[in-house]
Amino acid sequence: MTSTIPFVDLRAMHEEVREEIETAWHDLVDRSSFIGGPAVSRFEAQFAAYCEAPFAVGVGSGTDALRVALQAVGVHSGDLVVTVPHTFIATVEAITQAGASPGFVDIDSRSMTMAPAAVRRYIERECVPGDPLIHRKSGRRVSCLLPVDLYGHPADWEPLMELAREFRLKVIEDACQAHGARYRGRSCGTFGDAAAFSFYPGKNLGAMGEAGAVVTGDAEVAERCRILRDHGQRERYLHVTADGSNARLDALQAAVLQVKLRHLDRWNERRRQAARLYADRLAQLDIIVPQEQEECRHVYHVYAIRVNRRDEIRRHLESRGVGTGIHYPVPLHLQTAYRAMGVPAGTFPVSESVASQELSLPMFPHLSEDQIERVVTELRGALEEMRPPVEAGR
Ligand SMILES: *Cc1c(COP(=O)(O)O)cnc(C)c1O
């Protein structure tokens with residue numbers, strides 16, 4: 001039988017940097033200082049420069065980054081934060097961890113990110129006009145927009161920022177999947193008041209454990225993040241806020257990230273090459289391939305196609321040794337965890353339809369041309385098998 005193709009395989013990537021990382025870890029063990037220190041501050045400076053932003057603050061995970069960023073820009077307990085139901089749950093967990101609640105709006109069917117028109121509709125139909133903006137039904141203050149650069153493709157930042165200015169909303173960018181993505185000449189991580197990045201191992205820039213960062217252009221927000229990530233203290237044992245926690249980035253992870261950051265652009269370029277080959281080979285099939293919007297740079301954290309009878313196709317691919325993923329099968333407003341919100345099915349038709357059709361094909365920097373051709377062949381086979389209706393009586 002032919003070989004299997006994993007959904008993600010990061011071993012070749014790590015072989016490329018093994019020596020550099022082992023040297024960096026060796027130095028850290030020599031120094032034996034594992035929290036903070038020069039490894040963390042150096043990585044923070046390098047990552048800020050990579051994002052073309054003034055400040056980066058290392059934290060323990062992408063979820064920490066989102067929560068700390070929300071707290072640092074002044075989202076208060078009881079606020080509503082407007083976000084999308086089609087994202088990883090951490091986006092919304094961070095909102096509730098900050099004491100606020102999510103207000104969902106639907107996504108755009110082409111970019112699969114927050115639809116600016118849906119935000120305007122939410123504000124005009126569900127809120128009382130004024131400053132602050134008050135959500136009519138709950139009486140809560142709408143204080144912040146939280147769009148997601150999903151799959152490595154930027155959200156539609158120009159109209160979203162215009163809405164934020166018009167209605168005086170803070171903006172946090174969930175850039176956890178978008179290291180190196182760009183929108184109209186600007187780097188993801190620079191939109192809004194602050195951005196959150198995750199360095200979960202499978203992300204385009206991944207640690208060898210948990211890690212994340214807040215990126216911001218605002219010195220005060222950066223300083224508040226530094227305090228919030230470290231038990232609310234500026235000086236040791238003098239605590240200035242009760243909202244602090246242990247959300248620090250550890251030095252071993254910072255050392256790994258410093259090494260891998262040097263290779264990120266090349267690895268992203270390889271993902272883009274793989275995406276070009278997929279798009280070329282899949283063009284004639286009855287599926288929707290990812291659409292890079294005008295003046296955007298997609299970094300393909302996930303190569304998300306949309307297809308009918310997705311679960312059957314997935315099973316077929318699985319049986320032929322091709323690994324796939326689903327990002328994400330159940331939109332957040334329909335998750336058991338958020339049942340208490342009482343949002344019925346049918347409320348966010350684009351998110352719901354994407355959730356039923358999305359299929360993530362193998363995507364990682366060292367995915368070979370041969371592997372892509374195999375995935376395409378198996379996918380074509382699956383679609384052909386599905387085309388005629390199944391004969392009765394068999
Ligand atoms: C990965 C991810 C997060 C959370 O990051 P962790 O480092 O796993 O905490 C948040 N939002 C999105 C969109 C993500 O993909």
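Okay, so let's go over this structure. Position numbers for residues start from 1 in each chain and track the written sequence from start to end. Given that the model is predicted, a residue must reach a pLDDT of at least 70 before its local features are reported, and side-chain atom pairs must reach 80 or more before they are shown or counted; all residues, however, enter totals for whole chains, interfaces and linings. The basis for every side-chain value is the complete set of heavy atoms in the structure, and neither hydrogens nor water enter the calculation.

What follows concerns the pattern of salt bridges. Throughout this description, the term salt bridge denotes a Lys or Arg side-chain nitrogen within 4 Å of a carboxyl oxygen of Asp or Glu. Inspection of the entire model under this criterion finds 27 salt bridges. The partner of Arg141 in a salt bridge is Asp79, with the nearest N and O atoms 2.8 Å apart. Of this pair, Arg141 sits in strand β6 (residues 141-145) while Asp79 sits in the loop between α3 (62-72) and β2 (80-83), placing them 62 residues apart in sequence. Residue classification places Arg141 among the partly exposed positions, given a relative accessible area of 30%. Classification of Asp79 as buried rests on a relative accessible area of 4%. Across the salt bridge formed by Asp311 and Arg310, the nearest N and O atoms sit 2.7 Å from each other. Each member of the salt-bridge network shares a partner with another, and the members are Glu269, Arg272, Arg276, Glu292 and Arg297. Segments assigned H or I by DSSP are reported as helices when at least four residues long, segments assigned E as strands when at least two residues long, and all are numbered from the N terminus. With a 1.4 Å probe rolled over the protein chains alone, any residue whose accessible area is under 20% of its type maximum counts as buried; one over 50% counts as exposed, and the rest are partly exposed.

What follows covers the nonpolar core. In plain words, nonpolar cores are sets of buried Ala, Val, Leu, Ile, Met, Phe, Trp, Tyr and Cys residues tied together by side-chain atoms within 4.5 Å. Counting residues in each nonpolar core, the largest one holds 73 residues, and the members touching the most others are Phe43, Phe47 and Phe199. By residue number, the principal contributor to this core is helix α8 (residues 251-261), which donates 7 residues. By the convention used here, residues are in contact when the closest approach between their heavy atoms is within 4.5 Å. Residue contacts for Phe47: discarding those within four places in its chain leaves Ala56, His179, Phe197, Phe199, Leu205, Ala213, Val215 and Leu261. Membership of the second largest hydrophobic core comes to 28 residues, among which are Leu359, Phe364, Val376 and Ala382.

So, on to the side chain of Ser187. With respect to the element layout, Ser187 can be found in strand β9 (residues 186-187). Residue classification places Ser187 among the buried positions, given a relative accessible area of 3%. Engagement of the side chain of Ser187 in a polar contact is seen with the backbone oxygen of Cys51, the distance being 3.5 Å. The residues contacting Ser187, other than those within four sequence positions of it, are Tyr50, Cys51, Glu52, Ala181 and Arg182. For this analysis, a polar contact is any N or O atom pair within 3.5 Å, provided that within protein one partner can donate a hydrogen and the other can accept it, and provided that sequence-adjacent residues contribute only side-chain to side-chain pairs.

Attention now goes to a nonpolar patch on the surface. The patches reported here contain residues having more than 30% relative accessible area and no salt bridge. Joining distances are 9 Å for like charges and 5 Å for nonpolar side chains (Val, Leu, Ile, Met, Phe, Trp, Tyr). The method behind every accessible area is Shrake-Rupley, applied with a 1.4 Å probe, and residues are considered shielded solely by the protein chains displayed. On the surface, a nonpolar cluster with roughly 270 Å² of combined accessible area is contributed by Val29, Phe34 and Ile35. Within the element layout of this structure, Val29 appears in helix α1 (residues 11-31).

Sheet faces and side chains relate simply in a regular strand, where the side chains alternate between the two faces. With 5 of its 5 residues buried, strand β11 (residues 212-216) lies for the most part within the structure. Here β11 shows no split at all, with Gly212, Val214 and Thr216 on one side and Ala213 and Val215 on the other all buried. Strand pairing is assigned whenever DSSP detects at least two bridges linking the two strands. Bridge analysis of strand β1 (residues 55-59) against β11 gives 5 bridges, and the strand direction is antiparallel. Paired with Val57 across the two strands is Val214, which belongs to β11. In the sheet, strand β10 (residues 194-198) pairs with β11 via 4 bridges, with the strands oriented antiparallel. When the bridges of β11 are listed, Ala196 appears paired with Val214.

To continue, consider the pairing of β6. β6 sits mainly inside the fold: 4 of its 5 residues count as buried. In the sheet, β2 pairs with β6 via 3 bridges, with the strands oriented parallel. Bridging across to β6, Val82 finds its partner in Leu145. The turn joining strand β5 (residues 133-135) and β6, which pair antiparallel and follow one another in sequence, is formed by 5 residues; a positive phi near 75° is taken by Gly139. Relative to strand β7 (residues 170-174), β6 is paired through 2 bridges, and the arrangement is parallel. Note that in β7 the partner of Leu145 across the bridge is Val171.

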